[in-house]
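The residues making up each chain are set out below.
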Amino acid sequence: MAFMGTKSASSSSSSTMSGWTYDVFLSFGGSDTRKNFTDHLYVALNQKGIFTFRDDEKLEQGTFIAPELLRAIEESRFAVVIISQDYASSRWCLVELAKIVECMEKERLIVLPVFHYIDPSDVRNLRKTFGEAFAKHEERYQDNIEEVHRWKAALTKVASISGWDLQDKHEANVVEEIVRKISNKLISTCSIVHKDFVGINSRMEELVNLLGMGLNDVHFIGIWGMGGLGKTTLARVVYDRFRYYFDGSSFLANVREECGKHGLVHLQKQLLFDILIESNTDFSNVQWGCNVIEKRLCYKSVLIVLDDVDQLDQLEALAGERVWFGQGSRVIITTRDQHLLIKHDVARAKIYKAKKLNSDEALQLFSRKAFKKDHPLEGYEELSKKAVCYAQGLPLALNVLGPFLKHRSPDAWKSALDRLEETPPKKVLDTLRISFDGLEETEKKIFLDIACFFKGKNKDHVTNILQTPRYKPSIDIDVLMEKSLITIFGGRLWMHDLLQELGRQIVHSESPEQPGSRSRLWLKDDVLHVLKNNTGSKKIRGIMLHPPEAVKVQLHMEAFKKMKNLKFLIVENVHICEPLEFLPHSLTFLKWPNYPFHWPSEYFPEQLVAIEMPHSRIRLPKRIKQELRLENLIAVNLSGCEFITKLPKLWAPNLECLNLSSCRNLVEIDEYFGSHEKLKFWNLSYCGNLQILPSQLRLKSLRSFFLSGCSRLEKLPNFHPEMECLKDLFLAESGIREVPSSIEHLTKLEALRLYDCKNLWDLPDSIYKLQQLYDLRTPTAKLRPTWNSFDGSSGYGFVNMTQLDLSNHEGMIELDLLMKPDYFPALERIDLSGTNIVTIPESISKFPRLEQLLISSCKLLREIQGLPQSIRRVRAENCMLLDTQSPSGLLNQKVMSYKHLKLHGML
């Protein structure tokens, strides 16, 4: 075939299963863009494994368009149409475009236009080269004028679609945006093609009929049924299939749980963020949020899924009235309560009752889980039917029971199924209990910990909390995943509600009448009963007290004294009346933000892995006993603790994360922390009184270091050559007077933020050695020579920096930093707007790739000594001295020799 493309296994598979041969078809004018923008886009798509059709250069030389080209359009999921200046001059392009529009109107193709340095309105209105091209076509093809009119209609239709205008954007950014958008949509498309979604097609067709796609009125649709029937899965499949036909979409998962944790205002903001893609929407109460949702969404066609709703106020806050949303909008609500839908005026005809799997579907799903086949293995037929009977068509039960019995002998199956007979089959939790009973003791312990405390939490964080020097929980977590007892999504631990309920019932059954004799406590009443009455015991492994609303409680002063094996203590939204006199030394995880009293200075549990006590009145002693070894400590969050004045020497060799941000009375950091080998993240931002850091930093593992807002910090430590991992160094708004020349040792540094450092007047010229630096924000571009002067050898320059923002710093006068163009091989954009520079130096003309120069509001600017051949855009509004003294001077003279240069505010 005469086309070019690279086909990865994943993209090929996704395209074929979805009915498409290609992911993307590229339509473009060969001579205009083939060897620049189109080629860059083609390469980027292929690098992402996106199977892309691009016609061969030789193919274009023919008179007639090849049939395989039109077939490729029909077999593509997306068409990226790159409309350039001469696009309409090509009959080939117009025939392609007409076919693209034909497929788009059949909803077989998603069209993404790119306006290649042209005004989209010129295309829509057929002005300039587009009008001229069609005048020639009408003259040349007088005998086929209807075809010309078809081309014209196709072009104006595509030009009316929202796309990318390269006039105002950086090409590399546009390529990245296009690839990301296509990739996300392909991922969504792939997500609905899942081998274990037995029976999903028939159920989806029924729900789609209720959606009434194509009708302009607003529809509320309910999906109702018991837990574990697959309501969320069905809603997700339909959402993924249709979301791109709406102006915006949002899938709010676990509304019941999220509302309990974070409140309705949080969900309202999430809904708006998903649809509007903006995070600056702010309001403080539910009614205000309702008003904002109606105001912002009433003209948008939206698809919203509200998953697992259990209260009417949730619906009233998130989708109160149909008039909140624009024409054609659809709101899908999943719930276990049918009456809740009726109370919210969802028509009975619009409520889909989730169905259990029929016997054939259930056997097929169970067989896939137990045998990786669509049918049972020989010898297991009757046993499989018995297992399916007990599961009663509940997908969740089949998903758990199948893996549990997998690879076991028939005798083991009989034993397991006989145990099922001891309880009624309708009790789903008893079915799930079988998988739990098949776990090893350590696996059971981890499962119960997740069910009671850590569902929805970051997997890596929980793994750290659960581990000990002799025990690593990673393998047990993997086993729980393999047995379908937990899942990992977005890096977080999840389990179905029924599985969580199973775990909590198991814990409750340990001592139904005496909470203090159970291993885990999470219910508010149980926890308060134990802590007020001092009825705890050594059996308690973990406590979580996190009421939805703040409460004030009087705890027994020795409430924790009997809990000698307490590992996890999580207390939030609780104000105690008196300080605690005792906490167990067995604690591995302590989370108690806003603890209102000073902490006993001698209390440092040696088994502690993580401590999170932000905004507490905790104090640290000036000295910590040498014999105290916190070998397990990995993470510390004491941000906003105003009584911490010094960070003393602390023997914690495995510490990885240290957050002391906003400790506004912190003055000094002990020298010990300058050579910590495992510290990866260190946040000291907005410690307004911080003055003393270790004299040298030799932090081999440090990746991120934040000192922004440390206004009294005037001196930075020297950086040791072994600090090769640091990627982010944030010093904005700090009081530093000098960046040490040893910054050259930070060879992996990618981001250096120095803006609003009012005492900083220059940078060391050794900064040129930071070859990986691509994000530099500095108030000065003046350089000072260092003792280690440059010798002309290689190894200098910012090889990855494409943009340099020096704007809005009045102290920016000298541009020493820009005097070595060879050190900026990739730089394409410089922003000097709002600075007090007087002259743009002649060195600017030697920047090899510079395309944009922004100098607006440079009120002292008098002269531009040169511009590079690559320049395409200069923005110079409000440069009064440059305007008045050189109305037809150097800049205007240079314009004559730069064919593609666009000026804003000058001519």
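Scroll up to find the structure.
To keep things clear, this report deals only with the structure shown in the data block. (Residues numbered from 1 in each chain as written. Predicted model: local features only at pLDDT ≥ 70, side-chain atom pairs only at ≥ 80, totals over all residues. Heavy atoms only, no water.)

Digging into the pairing of strand β7 (residues 219–224)
- With 6 of 6 residues buried, β7 is to be regarded as a mostly interior element.
- Pairing of β7 with strand β10 (residues 330–335) involves 6 bridges; the strand directions are parallel. Bridge assignment links Gly222 to a residue of β10, and that residue is Ile333.
- In the sheet, β7 pairs with strand β11 (residues 351–353) via 3 bridges, with the strands oriented parallel. Across the sheet, Gly222 pairs through a bridge with Ile351, a residue of β11. (Buried < 20%, exposed > 50% of the residue type's maximum accessible area, 1.4 Å probe, protein only. Helix = DSSP H or I, 4+ residues; strand = E, 2+ residues; numbered from the N terminus. Pairing = 2+ DSSP bridges.)

Quick word on the packing of aromatic side chains
- Evaluation of the coordinates by the stated rule reveals 27 aromatic pairs.
- Seen in terms of ring centroids, Phe366 and Trp413 are 5.8 Å apart; in terms of plane orientation they differ by 80°. Their pairing is edge-to-face. Here Phe366, found in helix α17 (residues 359–371), pairs with Trp413, found in helix α20 (residues 410–421); they are 47 residues apart in sequence, far enough to count as distant.
- Taking the relative accessible area as the measure of exposure, Phe366 reaches 0% and is therefore buried.
- Plain terms: the ring middles of Trp682 and Phe705 are 5.0 Å apart, the flat faces sit at 25° to each other, and that makes the pair stacked. With Trp682 in strand β25 (residues 681–683) and Phe705 in strand β27 (residues 704–706), the pair connects residues that are 23 residues apart, well separated along the chain. Accessibility assignment for this pair places Trp682 and Phe705 in one class, buried.
- Counting every residue linked through ring pairs, the aromatic cluster contains Tyr768, Tyr796, Phe798, Tyr823, Phe824 and Phe847.
- The lysine or arginine in question, Arg54, covers the ring of Tyr42, its NZ or CZ lying 3.9 Å from the ring centre.
- Taking NZ or CZ as reference, Arg322 lies 4.4 Å from the ring centre of Phe220, over its face. (Phe/Tyr/Trp six-rings, centres within 6.5 Å; stacked < 30°, edge-to-face > 60°. Lys NZ or Arg CZ within 6 Å of the ring centre and 35° of its normal.)

Remarks on the pairing of strand β17 (residues 568–571)
- Across the two faces of β17 the burial is the same, with Phe568 and Ile570 and Leu569 and Val571 all buried.
- With 3 bridges joining them, β17 and strand β19 (residues 589–591) adopt parallel strand pairing. When the sheet's bridge partners are listed, Phe568 is paired in β19 with Phe589.

A look at the nonpolar core
- Counting 117 residues, the largest nonpolar core has Trp682, Leu684, Phe824 and Ile855 as its most contacted members.
- Of all elements in the fold, only α26 (524–533), β15 (542–545), β16 (551–553), β17 and β18 (574–576) reach the threshold of two or more residues within this core.
- Broken down by element, the residue count for this core peaks at 4 residues, all from α26.
- The residues contacting Trp682, other than those within four sequence positions of it, are Leu658, Ile669, Phe673, Leu697, Leu699, Leu702, Ser704, Phe705 and Phe706.
- One finds Leu126, Ala133, Trp151 and Val158 within the second-largest nonpolar core, a separate group that totals 38 residues. (Core = buried A, V, L, I, M, F, W, Y, C linked by side-chain atoms within 4.5 Å. Contact = heavy atoms within 4.5 Å.)

Considerations on helix α11 (residues 231–242)
- Its 12 residues place the ends of α11 17 Å apart at the C-alpha level, agreeing with the 16 Å of an ideal helix rising 1.5 Å per residue.
- Considered for burial, the residues of α11 that qualify are Lys231, Leu234, Ala235, Val237, Val238, Tyr239, Asp240 and Phe242. (Expected span 1.5 Å × (residues − 1).)

Describing the packing of helix α10 (residues 200–211) against α11
- Taken N-terminus to C-terminus, the directions of α10 and α11 make an angle of 65°; their axes are 10 Å apart at the nearest point. Remark: the crossing between α10 and α11 carries right-handed chirality. Contacts between α10 and α11 pair Ile200, Arg203, Met204, Leu207, Val208 and Leu211 from the former with Leu234, Val237, Val238, Arg241 and Phe242 from the latter.
- Here the residues of the contact of α10 with α11 sort into 9 nonpolar, no polar and 2 charged. (Axes fitted to C-alpha atoms, helices over the stretch in contact; angles between N-to-C directions. Left-handed = near helix turned anticlockwise from the far one by under 90°. Nonpolar A, V, L, I, M, F, W, Y, C, P; charged D, E, K, R; others polar.)

Brief notes about unusual backbone geometry
- Of note in this structure, Asp308 is not a glycine but carries a positive phi near 60°.
- Locating Asp308 in the fold gives a position in strand β9 (residues 302–309).
- Its relative accessible area of 11% is what places Asp308 among the buried residues.
- Phi at Glu733 is positive, roughly 65°, even though this residue is not glycine.
- Relative to the elements of secondary structure, Glu733 occurs in the loop between β29 (728–730) and β30 (751–753).

Structural notes on the sheet that holds β9
- The parallel open sheet is built from 5 strands, whose spatial order is β8-β9-β10-β7-β11. If you trace the sheet from one side to the other, it starts and ends with β8 (248–252) and β11, each paired once. Strand-to-strand twist across the sheet, computed as the mean angle between neighbouring axes with direction ignored, equals 15°.

Side note on the side chain of Asn632
- Its location among the elements puts Asn632 in the loop between β20 (610–612) and β21 (635–637).
- For Asn632, a relative accessible area of 19% gives the class buried.
- If near-sequence neighbours (up to four positions away) are discounted, Asn632 is found in contact with Pro469, Glu606, Gln607, Leu608 and Val609.

Focus on the packing of helix α22 (residues 441–454) against helix α24 (residues 474–482)
- Here α22 crosses α24 at 75°, and the two axes come no closer than 9 Å. Judged by the angle between their axes, α22 and α24 are roughly perpendicular. Note on element contacts: α24 touches α22 through Asp476, Ile477, Val479 and Leu480, opposite Thr442, Glu443, Ile446, Phe447 and Ile450.
- Here the contact of α22 with α24 is composed, by residue class, of 6 nonpolar, 1 polar and 2 charged. (Parallel < 35°, antiparallel > 145°, perpendicular 65-115°, else oblique.)

What to know about the pattern of salt bridges
- Applying the stated criterion across every chain, the model contains 41 salt bridges.
- The residue Glu176 makes a salt bridge to Arg180 at a minimum N-O spacing of 3.5 Å. One end of the pair, Glu176, and the other, Arg180, are both in helix α9 (residues 171–191), 4 residues apart, so they sit about a helical turn from each other.
- In this structure Arg180 comes out as partly exposed when scored by relative accessible area, which is 43%.
- Between Lys444 and Glu441 there is a salt bridge; the shortest N-O distance is 3.7 Å. Here Lys444 and its partner Glu441 are both found in helix α22, 3 residues apart, which amounts to about one turn of the helix.
- What makes Lys444 buried here is its relative accessible area of 17%. (Salt bridge = Lys/Arg side-chain N within 4 Å of Asp/Glu carboxyl O.)

Some details on helix α13 (residues 264–276)
- Over its 13 residues, α13 extends 18 Å from the first C-alpha to the last, a length consistent with the 18 Å expected when each residue adds 1.5 Å.
- Leu264, Val265, Leu267, Gln268, Leu271, Leu272, Ile275 and Leu276 are the residues of α13 that are buried. Angular distribution of buried residues about the axis of α13 spans 165°; they occupy a single face of the element.
- Buried residues belonging to α13 abut β8, α12 (255–262), α14 (286–297), β9 and α15 (312–318). (Arc of directions from axis to C-beta.)

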